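Single-letter residue listing:
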Amino acid sequence: MAINVVKDDLREVVKSLGPQGFLDMVNESLDSGKAKPEDFSIKELWIACTGDAPLDSRDPGLDFRYMEAQALDEAIGGMGTSLFVKATGALINKKVREAYDAVYGVGDRLVTVVPSRLKRETIVGFTRMGAVEEVRELEEYKSRGMQELYFTVENHKYGGLIGISEETVRMDQTGQILLQAARIGEECRQHKEKLILEGVIGPAVDSSTNSVFKPEGTAAILYKSTARTSLAEGGKGGPNGLTGYGDINHAALDAVKALVAKQYDGETDQYVNLGGMQGWILLCPAELHDTAWEITNTQKTPFSADNAENYWRQFQFVPEWSPYFGSTTTTWLIGDFRKDFIWTEVFPLEVKRLARGTEVEFTRDMIACYKARFMGGIGCIDYHHVYKVE
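Report follows, based on the coordinates.

Basis of the calculations
- Just so you know, the residues in each chain are numbered from 1, in the order the chain's sequence is written.
- Local features are withheld for residues below a pLDDT of 70 in this predicted model, meaning they are given only at 70 or higher, and side-chain atom pairs are given and counted only at 80 or more; totals for whole chains, interfaces and linings count all residues.
- As a rule here, side-chain values come from all non-hydrogen atoms in the structure, and water together with hydrogens is ignored.
- Only runs of H or I of at least four residues qualify as helices and only runs of E of at least two qualify as strands under DSSP, and these elements are numbered from the N terminus.
- Only protein chains enter the calculation, and the probe is 1.4 Å; a residue is then buried if its accessible area is under 20% of its type maximum, exposed if over 50%, and partly exposed in between.
- Here, residues are in contact when the closest pair of their heavy atoms is within 4.5 Å.
- The Shrake-Rupley method, run with a 1.4 Å probe, gives the accessible areas here. Residue values count only the displayed protein chains as cover.
- Buried Ala, Val, Leu, Ile, Met, Phe, Trp, Tyr and Cys residues that are joined via side-chain atoms within 4.5 Å together make up what is termed a nonpolar core.
- Following DSSP output, two strands are said to pair if at least two bridges run between them.
- As a rule, the C-alpha atoms of each element are fitted with a line to give its axis, helices using only the stretch in contact, and angles between N-to-C directions run from 0 to 180 degrees.
- Just to be clear on terms, a salt bridge is a Lys or Arg side-chain nitrogen sitting within 4 Å of an Asp or Glu carboxyl oxygen.
- Any two of the Phe, Tyr and Trp rings considered here, Trp counted by its six-membered ring, make a pair once their centres fall within 6.5 Å; the pair's planes then place it as stacked at under 30 degrees, edge-to-face at over 60, or tilted in between.

**Considering the overall build of the protein chain**
For the protein chain, the helix and strand inventory stands at nine helices and 13 strands. Scored against the burial criterion, the 390 residues of the protein chain give a buried share of 47%. A fraction of 72% describes how many contacts in the protein chain between residues 6 or more apart in sequence connect residues 24 or more apart. Carbon and sulfur atoms provide 50% of the accessible area of the protein chain, an area that totals close to 19,500 Å².

**Overview of the nonpolar core**
Residues Phe-22, Phe-84, Ile-92, Leu-283, Phe-337 and Phe-341 are the most contacted members of the largest nonpolar core, which totals 66 residues. Residues contacting Phe-341, with those up to four places away along its chain left out, are Leu-110, Val-111, Thr-112, Gly-199, Val-200, Val-212, Leu-222, Tyr-223, Ile-378, Gly-379, Cys-380 and Val-386. In this structure, Leu-253, Phe-315, Trp-332 and Val-389 belong to the second largest nonpolar core, which totals 22 residues.

**Observations regarding the sheet that holds strand E13 (residues 386-389)**
Within the open sheet, the five strands sit side by side as E5-E13-E10-E8-E9. Their pairing is mixed. Either end of the sheet is taken by a strand with one partner, and the two such strands are strand E5 (241-242) and strand E9 (318-321). Sheet topology note: the E5/E13 ladder contains two bridges and is parallel. Paired with Gly-241 across the strands is Lys-388, a residue of E13. Lying on the sheet, helix H8 (residues 286-297) is in contact with strand E8 (281-284), E9 and strand E10 (332-335); it crosses E9 at an angle near 175°.

**Section: the environment of Val-169**
In this fold, Val-169 is placed in helix H5 (residues 166-170). Among the residues examined, Val-169 registers a relative accessible area of 1% and is labelled buried. Each C-alpha atom of the pair Val-169 and Glu-44 lies 8.7 Å from the other, and the pair is 125 residues apart in sequence.

**Notes on unusual backbone geometry**
The backbone of Asn-210 shows a phi angle near 55°, a positive value even though the residue is not glycine. Given the relative accessible area of 74%, Asn-210 is considered exposed.

**A short note on the sheet that holds strand E11 (residues 341-353)**
The four strands are arranged E1-E11-E12-E4 in an open sheet whose pairing can be described as mixed. Pairing within the sheet leaves two strands with one partner each, and these edge strands are strand E1 (112-115) and strand E4 (156-165). With direction set aside, neighbouring strand axes in the sheet form an average angle of 30°. Most of the contacts of helix H4 (residues 81-102) go to E11, to which it runs at about 150°, and overall it touches E4, E11 and strand E12 (366-380).

**A short note on the pattern of salt bridges**
Under the definition given, this model contains eleven salt bridges. Across the pair Lys-224 and Glu-233 runs a salt bridge, and its minimum N-O distance is 3.5 Å. Glu-233 carries the same exposure label as Lys-224, and that label is buried. A salt bridge links Asp-336 to Lys-339, with the shortest nitrogen-to-oxygen separation between them at 3.7 Å. Here the residues in one salt-bridge network are Asp-108, Arg-189 and Lys-192, joined through shared partners.

**Considerations on the packing of aromatic side chains**
One pass over the structure, following the stated rule, counts twelve aromatic pairs. Judged by centre distance (6.5 Å) and plane angle (40°), the ring pair of Trp-343 and Phe-374 falls under tilted. Of this pair, Trp-343 sits in strand E11 while Phe-374 sits in strand E12; the two residues are 31 residues apart in sequence, bridging distant segments of the chain. For Trp-343, a relative accessible area of 1% corresponds to the buried category. For Phe-374, a relative accessible area of 3% translates into the label buried. Taken together, the aromatic side chains of Tyr-311, Trp-312, Phe-315 and Phe-317 make up a single cluster linked through ring pairs.

Here it is, written out as C-alpha cells:
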C-alpha cells in the first residue's frame, strides 16, 4: 500500500500505522514511484510526526536536541522528531540518488570496481610464471620463477551536508531542501567522474606527474613512447604512447594498431592483445568527437578523395568525449580501459543522518542534518590495453 500524498491526512496515517508502519509506507511509495519527494511537504511531515510540537528548542518542556528519542516519543504521543528525521531522510535519500544517477558520465565504463577497506590500497599481482613449454610424460612442469609486482591506490572520502533548519519547517521550504539534495547528488557524481577521467587521461606522454600508475608504490610514467624494462616501470613491455599525430585519422590509428599488435608481456614474450581492438572505447575532447563518430560509423572513409571503404568501421569503436581533457584538442585515447584501470571503492554513494544532539544542530538551529558521501580512488594496474595519442 502506498501513500496518496494529496488525499491522505498524514496525521491519520501515522496514528493508524504507527511510526514504523508509516516509515515503511513512505519508503514503499518512493521506491515504487507512486509518490515523488516533491509530493511531500516538510511542514506537513513535521505536524504528522510530532503532533505539531514547538519548533523552537527553547520552548519549555521540549528540548529536541538533547532529549532521548524514547522520552520524546512519550512526550508527544509515541511519535516524535525521530520519525520526522527518518521520513525526511527517505525523501532526501531518494532525491540525492535520482540526481546522482541522472548525471551522464563515461567514467564508470572506464574502470573495474574493486572493493576496498583501506585508505591506501595495495593491489598485489604477479608477472606470468614463464612461457608455456612442452611437458613430456612423467616430467615435472617447469617454472622460471615469479617476480612480485604490486600497485597502490589512494582512497579518499568526499561529500556534503544537507540541513533542515527550524525556518525550513516553519516556512515549508520543501522545494529548497530537495533542490539542495539534488545539487549534492549531482556534485558527488560529477566529482567522481572528474577523479576517474583525470586519472585515466593522465599526464602527457612520457611524464609521471600526478600519475595514478604506481607500481611498487611510486608514481611512474603511465603512457610511454618507448619500451619498459623494469618492474619499477610496471613490468617489461612495449610502448603505449604516441606523439606527433593529434587529430583522429587513419595514420594515427594505423600507428596505434602497430603498437597494439606488438604489445607483449616482457616476462614471457607473449603477445597480450590477441583480440585486437574490437569494441574499444575511443575517448577524446568534444572538439574531436564528430571525427571519432565518423571514423566509427561511416561506410566510406571521411574526406577521402577516392571514395574508399572505411577500414576502421569494422572495429566498432565506441566514441566518447569528456571535458576533462582541458584546453587541448589534439589528445585522445583508445583502448579496453577496464583491463588497465580500477576504482577501489570503500563505500559507494550513501546518505546518512547525523546523530541527534550534534553541535551543528545546536549552533545552526537545525532540526535534522544529513550527509551524502562516497569513498574511493582511481588507480592503474596495467598499461597494455590503453593507448594515448598526442
